Amino acid sequence: MYWTEFLTVALIHLLAVASPGPDFAIVVRESVAYGRRAGIFTALGVGCGIFVHVAYSLLGIGLIVSQSIVLFNALKWLAAAYLLYIGIRALRARPADPASAELQLAAGARAPRAAFVTGFVTNGLNPKATLFFLSLFTVVINPHTPLSVQAGYGVYLALATALWFCLVAMLFSQQRVRAGFARLGHWFDRLMGAVLVGLGAKLALSELH
């Protein structure tokens, strides 16, 4: 009965998740810098961050946030500050000697919890995701669709997001890829830092339409 609606949700989500943004940038950076395990935990954090958006969408809080310029701007500036913080740290990356670079590749010095939290916060504070889920649960999904079915959509969105970014993590955490980046690791960090700073600045200067 709800297959058509579900397929519409799945297609829109596929188009949205495939678009490069903060989630993609942070998963790539964690995967290259710390390896597959860290990348996958970051991806799982991004996926779990989806539940934050699904929860307030089902509770109707998303509508309140979207109608309150003060609340939306507070969320937007908090997210922008977080992205700027991560980006500036990356921009300050210094060249590492080959020995320490190889050691870091072997050790994968990144706690799974820290990687998970990084992914979770990056997605959970993304105001573009707020607008996406608000639109999804008010325009695409029929308001008369049972909450249990809508919650099922939410579980699918979280799992699909986590799976997509796990694939991204597996791609960018391959030893050859990481070894190539390790030789110019500080430049990669600075590039990703510039991307994150750019995203943060764009977010801070964006307006609610």
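None of the values given here were measured: they were computed from a predicted structure.

Visitor: Which parts of the structure should I look at to understand the overall build of the protein?
Guide: When its secondary structure is counted, the protein shows 11 helices and zero strands. Counting helices and strands in the order they occur from the N terminus, the protein gives α-α-α-α-α-α-α-α-α-α-α. Counting the 209 residues in the protein, one finds 42% classified as buried. Here the contacts in the protein between residues at least 6 apart in sequence split such that 89% fall between residues at least 24 apart. Accessible area of the protein: about 11300 Å², with a carbon and sulfur share of 70%.

Visitor: What is the right way to read the UniProt feature "transmembrane region" (unreviewed entry) in the protein from this model?
Guide: In the numbering used here, UniProt assigns the "transmembrane region" (unreviewed entry) feature to residues 41–63, 70–88 and 153–172. Structurally, residues 153–172 is divided into 100% helix and 0% strand, and its ends, taken at the C-alpha atoms, are 29 Å apart.

Visitor: I tried to follow the packing of aromatic side chains on my own but got confused; where do I start?
Guide: The geometry of two aromatic rings is summed up by the distance between their centres and the angle between their planes. Tallied over the entire structure, the rule returns five aromatic pairs. Between Phe6 and Tyr156, the aromatic rings sit 4.9 Å apart at their centres with planes inclined by 70 degrees, giving edge-to-face as the arrangement. Here Tyr156 lies in helix α9 (residues 147–172) and Phe6 lies in helix α1 (residues 3–17), a separation of 150 residues in the sequence. Here Tyr156 falls in the partly exposed class, since its relative accessible area comes to 28%. Counting every residue linked through ring pairs, the aromatic cluster contains Trp3, Phe6, Tyr153 and Tyr156.

Reading the values: rules and limits
- Residues numbered from 1 in each chain as written.
- Predicted model: local features only at pLDDT ≥ 70, side-chain atom pairs only at ≥ 80, totals over all residues.
- Heavy atoms only, no water.
- Helix = DSSP H or I, 4+ residues; strand = E, 2+ residues; numbered from the N terminus.
- Buried < 20%, exposed > 50% of the residue type's maximum accessible area, 1.4 Å probe, protein only.
- Contact = heavy atoms within 4.5 Å.
- Areas by Shrake-Rupley, 256 points an atom, 1.4 Å probe, with all protein chains shown as cover.
- UniProt positions renumbered as here; feature names shortened; annotations may be inferred.
- Phe/Tyr/Trp six-rings, centres within 6.5 Å; stacked < 30°, edge-to-face > 60°.

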